[in-house]
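Per-entry structural report
The lines below spell out each chain.
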Amino acid sequence: MNYYSLTNKQHRVGFREAVLQSIGPDGGLYFPEKITPLPGSFFTALNKRDNPSIAYTVLAPFIGDTLPENELQQIINETFSFDFPVVPIEKDIYTLELFHGPTLAFKDVGARFMSRCLAYFNRENNRKTTILVATSGDTGGAVANGFLGIKNVDVVVLYPKGKVSPIQEAQLTTLGQNISALEVQGSFDDCQAMVKKAFQDSDLKTKNLTSANSINVARWLPQMCYFFFAYKVLQDTGKPLYVSCPSGNFGNIGAGMLAKKLGLPIAHFIAATNANDTVPRYLDNGIYQPKATICTVSNAMDVSDPSNFIRIQELYARDLNQLKKDFSSYTFSDTETRIAMESVFQKVQYIMDPHGAVGYLGLQKKLAHNPDITGLFLETAHPVKFLGTVQSYLNHGLLIPESLQEMMDKPKQSILIRNYEELKDYLRQ
Ligand SMILES: *Cc1c(COP(=O)(O)O)cnc(C)c1O
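A few points on the structure.

What counts and how
Residues numbered from 1 in each chain as written. Predicted model: local features only at pLDDT ≥ 70, side-chain atom pairs only at ≥ 80, totals over all residues. Heavy atoms only, no water. Axes fitted to C-alpha atoms, helices over the stretch in contact; angles between N-to-C directions. Helix = DSSP H or I, 4+ residues; strand = E, 2+ residues; numbered from the N terminus. Parallel < 35°, antiparallel > 145°, perpendicular 65-115°, else oblique. Left-handed = near helix turned anticlockwise from the far one by under 90°. Contact = heavy atoms within 4.5 Å. Nonpolar A, V, L, I, M, F, W, Y, C, P; charged D, E, K, R; others polar. Near = heavy atom within 4 Å. Polar contact = N/O pair within 3.5 Å; in protein donor to acceptor, adjacent residues only side chain to side chain. Areas by Shrake-Rupley, 256 points an atom, 1.4 Å probe, with all protein chains shown as cover. 1 Å grid on protein atoms, 1.4 Å probe; cavity = no way out; pocket = protein on both sides within 12 Å on 5 of 7 lines; lining within 4 Å. Sits in = over half its atoms within 2 Å of the grid points. Core = buried A, V, L, I, M, F, W, Y, C linked by side-chain atoms within 4.5 Å. Buried < 20%, exposed > 50% of the residue type's maximum accessible area, 1.4 Å probe, protein only. Points joined across faces, edges and corners; volume = space filled by probe spheres on them. Phe/Tyr/Trp six-rings, centres within 6.5 Å; stacked < 30°, edge-to-face > 60°. Pairing = 2+ DSSP bridges.

A word on the packing of helix α10 (residues 224-234) against helix α11 (residues 251-261)
Two numbers describe how α10 lies on α11: the axes approach to 7 Å, and their chain directions differ by 60 degrees. Viewed along their axes, α10 and α11 adopt a mutual orientation that is oblique. Relative to α11, the crossing made by α10 is right-handed. Facing Met-224, Tyr-226, Phe-227 and Phe-228 of α10, the residues of α11 in contact are Asn-252, Ala-255, Gly-256, Leu-258 and Ala-259. Grouping the amino acids of the contact of α10 with α11 by side-chain chemistry returns seven nonpolar, two polar and no charged.

Quick word on the site of the ligand
Not every one of the 15 residues close to the ligand is listed here, only the nearest: Lys-107, Asp-138, Gly-248, Asn-249 and Thr-380. At a separation of 2.9 Å, an oxygen atom of the ligand approaches a polar backbone atom of Asn-252. At 2.7 Å from a nitrogen atom of the ligand is found a side-chain nitrogen or oxygen belonging to Thr-380. Protein chains bury 98% of the 390 Å² of accessible surface belonging to the ligand in isolation. When atoms are counted within 2 Å of each cavity's grid points, the one that captures over half of the ligand is the largest cavity. Broken down by class, the residue content of the shell around the ligand amounts to six nonpolar, seven polar and two charged.

Section: the nonpolar core
Ranked by internal contacts, the top residues of the largest apolar core, which has 120 residues, are Phe-15, Phe-113, Leu-158, Met-224, Phe-227, Phe-228 and Phe-327. The element that contributes the greatest number of residues to this core is α10, accounting for nine residues. Other than its neighbours up to four places away in sequence, Phe-228 contacts Leu-38, Phe-42, Phe-43, Leu-46, Ile-54, Val-58, Ala-259, Leu-262 and Leu-264. If you look at the next biggest cluster of nonpolar residues, it comprises 37 residues, including Met-301, Tyr-330, Tyr-350 and Met-352.

Focus: empty space enclosed by the protein
Taken as a whole and assessed by the stated rule, the structure comprises two cavities of 30 Å³ or more. Quantified by volume, the largest cavity comes out at close to 290 Å³. Looking at which element gives the most residues to the lining of the largest cavity, the answer is α11, with three residues. Its volume calculated, the second largest cavity comes out at about 40 Å³. Along the walls of the second largest cavity sit Ala-134, Gln-192, Val-195, Lys-196, Ser-211, Asn-213, Ile-215 and Ser-307, which together make up its complete lining. Per-element accounting of the lining of the second largest cavity gives the leading share, three residues, to helix α8 (residues 188-199). When the residues that make up the lining of the second largest cavity are grouped by side-chain class, the tally is three nonpolar, four polar and one charged.

Observations regarding the layout of surface pockets
The volume enclosed by the largest pocket comes to roughly 360 Å³. For the largest pocket, the lining is made up of 14 residues, of which Gln-21, Ile-23, Phe-199, Lys-205 and Leu-209 are closest to its centre. Residue assignment for the lining of the largest pocket shows that the elements contributing at least two residues are α1 (15-21) and α8. In terms of residue class, the lining of the largest pocket is made up of seven nonpolar, four polar and three charged. Space inside the second largest pocket adds up to approximately 230 Å³. In terms of lining, the second largest pocket is formed by 16 residues, of which the most central are Thr-130, Asp-154, Val-156, Tyr-426 and Leu-427. Secondary structure elements with two or more residues in the lining of the second largest pocket: β6 (129-134), β7 (153-160), β8 (179-184) and α19 (420-428). Ranked by residue count, the leading element in the lining of the second largest pocket is β7, at three residues.

Topic: α11
Most of α11 sits inside the fold, with nine of its 11 residues counted as buried. Considered for burial, the residues of α11 that qualify are Gly-251, Asn-252, Ile-253, Gly-254, Ala-255, Gly-256, Met-257, Leu-258 and Ala-259. A positive phi of about 110 degrees marks Gly-263, the residue just after α11.

Focus: the environment of Leu-158
Here Leu-158 is to be found in strand β7. A sequence separation of 199 residues divides Leu-158 from Ala-357, and the C-alpha atoms of the two residues are 26 Å apart.

Some thoughts on the packing of aromatic side chains
Scanning all chains against the criterion turns up 21 aromatic pairs. Consider the rings of Tyr-360 and Phe-377, whose centres lie 5.6 Å apart with planes at 75 degrees: the pair is edge-to-face. Taken as a pair, Tyr-360 in helix α16 (residues 354-369) and Phe-377 in strand β13 (residues 374-379) lie far apart in primary sequence, 17 residues in all. Judged by relative accessible area, Tyr-360 falls into the buried class, the value being 1%. Looking at Phe-377, the relative accessible area reads 0%, which means it is buried.

Notes on the pairing of β13
Of all six residues in β13, six are buried, a share of seventy percent or more. Where strand β5 (residues 93-97) and β13 come together, five bridges link them in parallel fashion. Residue pairing in the sheet places Glu-97 in a bridge with Glu-379 of β13. Pairing of strand β10 (residues 241-246) with β13, which is carried by four bridges, proceeds in the parallel orientation. Across the sheet, Leu-241 pairs through a bridge with Thr-374, a residue of β13.

Things to note about unusual backbone geometry
The backbone phi angle of Asn-208 is positive, close to 45 degrees, even though this residue is not glycine. One can find Asn-208 in the loop between α8 and β9 (209-211). Of note, the phi angle at Ala-317 is positive, near 50 degrees, even though the residue is not glycine. Within the fold, Ala-317 resides in the loop between α13 (309-315) and α14 (320-326).

Coordinates in, geometry out; function isn't part of it.
This is the structure we're talking about:
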């Protein structure tokens, strides 16, 4: 399988190069050259297969022969080694819990898959790779955890100072070894802009920089599997399936929409955002106009210029009217998020985290006009990651898992970065 750059279709590379380079030389995201639907028999027999075996069938065509079969199987077994439960919430509403991995957020899957691919690609040469990653909260922890102790890989995480939760910060700043944390005076979008700039900076060529954000295909593609796992459980409801994803950088939902192109019968996707509403506004008025990033209680979605939205547009040949048939996007305030968390907790004692709650709201809004559907929203993080917010909203204590408490008690190690020049100096030292 080859990948082309979204800013220059002539530039094509294989999976290995796409992973190692992250983005094309011109700054374009990589996109698969061929999307071949899976046979109908695969979908009808889904419930006879376990998750790793489903993931193998879904992912293998995208990897091609850059990884030997047994190696890919091994990587997939390790990546998908935890549960992905579908939990009923209310009539016709379910949630898919994606937080059972080591850092309690859905990004563990992409981070684990990518780190293992990279370890394989680096296994023989002594090439040293530096992973540069911007995080709005959860990516950094997942990537740091996924790459901890991996040979020939250094990880440098950029995060916006004061804008991540204490648990998220501990997950980035207490690991040591090959992981370094840079605390940036600015927003997530500022962190992401610095990372993109570093990739195109010829002075840093010798550093073999690569990204572990969802712009990297090895982070992005494995997320497709969640949607197959959910469909396996929900296919018997006999009603059209609508899926709502709490969205920030639009990688997760983009992967779901790629899964639909492979034939997965999901009728409609809802991208639920917090106050960072660039995409909902775009669907309304056709003008794509990011504003300054707004801080919200669902901080991992505080993104105003979502990198992956271009991939979703590409899936629909950049035709907005076609896209709107399969895709809606709504924005919700922190007040609406709090009320949703309270009401679900009171009604059914289910504790949603602020991100999952935004997803729930998106689904509810759609359900109001389409009563005869099965609705699924993604619970993208464990509520304990947002302990302060959740406890104060619900007036209900949460237990911190022991492994997290140990991490929180370790000293924080991070370096303050104020601008791109300081990042560059740090990388060159
Ligand atoms: C990253 C993240 C999101 C947003 O996912 P995208 O793929 O960036 O849209 C939502 N919820 C949580 C908890 C996250 O960490």
